[in-house]
Amino acid sequence: MTNRILLVDDEQRILDGLRRTLRGRFTVETANSGAEGLEILQKSLTETHQIAVIVSDMMMPGMNGASFLTKAREVAPDSVRLILSGQADLTSTIAAVNDADLYRFLTKPVEPDILISALLSALRQYELVISERELLQRTLTGAV
């Protein structure tokens, strides 16, 4: 299974710190905006190992985390979506949870062990979704 994670944040120093924290455990890709994140997701659909987990900041210029994750859900519906934010208003948070089908909401600063635990849990959720779909396809193919 894949362990590819996409981190989206408009602050490069945060992306660099997260990449260092996750190095060796996950295959990490980064994007500085929602638009760039959507491009990476779209490209990953043609690759063998797709993006399994998406972690986005909430407050970004141009497209906030809730909007980005809602669009990401349309592009890559099997990817598990998380918010990692230092600030978020209630309306945006509700939109992220309801419209983007958010798996977890983490707050900055996040302890490395909490982040890694959340990502491992999200990867297990991704594997479960993929396994269920494959089982359903095999069942339907066998029934035909």
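That block above? That's the structure.
Keep in mind it's a predicted model, so treat the numbers as computed, not measured. (Residues numbered from 1 in each chain as written. Predicted model: local features only at pLDDT ≥ 70, side-chain atom pairs only at ≥ 80, totals over all residues. Heavy atoms only, no water.)

Visitor: Residues and numbers for the overall build of the protein, please.
Guide: Of the regular secondary structure elements, the protein holds five helices and five strands. Counting from the amino terminus, helix and strand elements in the protein follow one another as β-α-β-α-β-α-β-α-β-α. Computed over the C-alpha atoms, the radius of gyration of the protein is 15 Å, within 12% of the 15 Å expected from 2.2 N^0.38 for a compact globule of 144 residues. By principal-axis analysis of the C-alpha atoms, the protein measures approximately 50 × 35 × 25 Å. For the protein, the proportion of its 144 residues judged to be buried stands at 41%. When the accessible area of the protein is evaluated, it comes to approximately 7,800 Å², of which 51% is carbon and sulfur surface. Positive and negative side-chain charges in the protein, numbering 15 and 19 respectively, have mean positions lying 5 Å apart. (Helix = DSSP H or I, 4+ residues; strand = E, 2+ residues; numbered from the N terminus. Rg over C-alpha atoms; globule rule 2.2 N^0.38 Å. Buried < 20%, exposed > 50% of the residue type's maximum accessible area, 1.4 Å probe, protein only. Areas by Shrake-Rupley, 256 points an atom, 1.4 Å probe, with all protein chains shown as cover. Lys, Arg positive; Asp, Glu negative; His and termini not counted. Charge placed at Lys NZ, Arg CZ, Asp CG, Glu CD.)

Visitor: Give me the lowdown on the nonpolar core, citing residues and values where you can.
Guide: The biggest cluster of nonpolar side chains holds 23 residues, and the ones touching the most others in it are Leu7, Leu22, Phe26, Val53, Val55, Leu82 and Leu119. Listing elements by their share of this core, those giving two or more residues are β1 (4–8), α1 (12–22), β3 (53–56), β4 (80–85) and α5 (112–143). Discounting residues that sit within four places of it in the chain, leucine 119 has contacts with Ile5, Leu22, Phe26, Val53 and Val55. Core analysis: the next-biggest nonpolar cluster, separate from the first, contains 20 residues, Leu6, Leu38, Ile51 and Ala72 among them. (Core = buried A, V, L, I, M, F, W, Y, C linked by side-chain atoms within 4.5 Å. Contact = heavy atoms within 4.5 Å.)

Visitor: Please set out empty space enclosed by the protein residue by residue, giving values where relevant.
Guide: Taken as a whole, this structure holds one cavity of 30 Å³ or more when the rule is applied. Volume-wise, the largest cavity comes out at about 30 Å³. Forming the walls of the largest cavity are Leu7, Val8, Asp9, Leu15, Leu18, Val55, Ser56, Asp57 and Leu84. For the lining of the largest cavity, the secondary-structure elements that each account for two or more residues are β1, α1 and β3. Of the residues in the lining of the largest cavity, the class split is six nonpolar, one polar and two charged. (1 Å grid on protein atoms, 1.4 Å probe; cavity = no way out; pocket = protein on both sides within 12 Å on 5 of 7 lines; lining within 4 Å. Points joined across faces, edges and corners; volume = space filled by probe spheres on them. Nonpolar A, V, L, I, M, F, W, Y, C, P; charged D, E, K, R; others polar.)

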